[in-house]
Amino acid sequence: MSVLMVEDSVDFSTLKDTLQLTDGNLASHLRALEEAAYLRVEKQFIGRKPNTTYHATDAGREAFKNHLNALEQLILNNRPTG
């Protein structure tokens, strides 16, 4: 989701290279995000090659922001004092 927060759309190969994941691992994560309606999948052919592109949905962007806010609050609440 972090990649999709800064890019309008990203294809499978770019995500795989950026995140350094295997095809199967990345596909599993993307499927879970799609089922949660956090991303939208667009499949097309470029020439004769299939191309799958992913876009963050509004719900996905909101969920990711909420996740970051929760992490930030967790860090702030657990900082050592003194």
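Bear in mind the structure is a predicted one, so any value in this text is a computation, not a measurement.

About the thresholds
- Residues numbered from 1 in each chain as written.
- Predicted model: local features only at pLDDT ≥ 70, side-chain atom pairs only at ≥ 80, totals over all residues.
- Heavy atoms only, no water.
- Helix = DSSP H or I, 4+ residues; strand = E, 2+ residues; numbered from the N terminus.
- Polar contact = N/O pair within 3.5 Å; in protein donor to acceptor, adjacent residues only side chain to side chain.
- Contact = heavy atoms within 4.5 Å.
- Pairing = 2+ DSSP bridges.

K.L.:
Would you take a moment to explain the side chain of T57 for this structure?
P.N.:
Tracing the backbone shows T57 in the loop between β3 (49-56) and α4 (58-77). Here A37 takes part through its backbone oxygen, which lies 2.7 Å from a polar atom of the side chain of T57. Once you skip the residues sitting within four places of it in the chain, T57 turns out to touch A37, Y38, L39 and R40.

K.L.:
Please clarify how the pairing of strand β2 (residues 39-46) should be interpreted in this entry.
P.N.:
Bridge analysis of β2 against β3 gives 8 bridges, and the strand direction is antiparallel. Note on β3: the bridge partner recorded for K43 is T52. Counted along the chain from β2 to the antiparallel partner β3, the turn is 2 residues long, and its residue G47 has a positive phi close to 65°.

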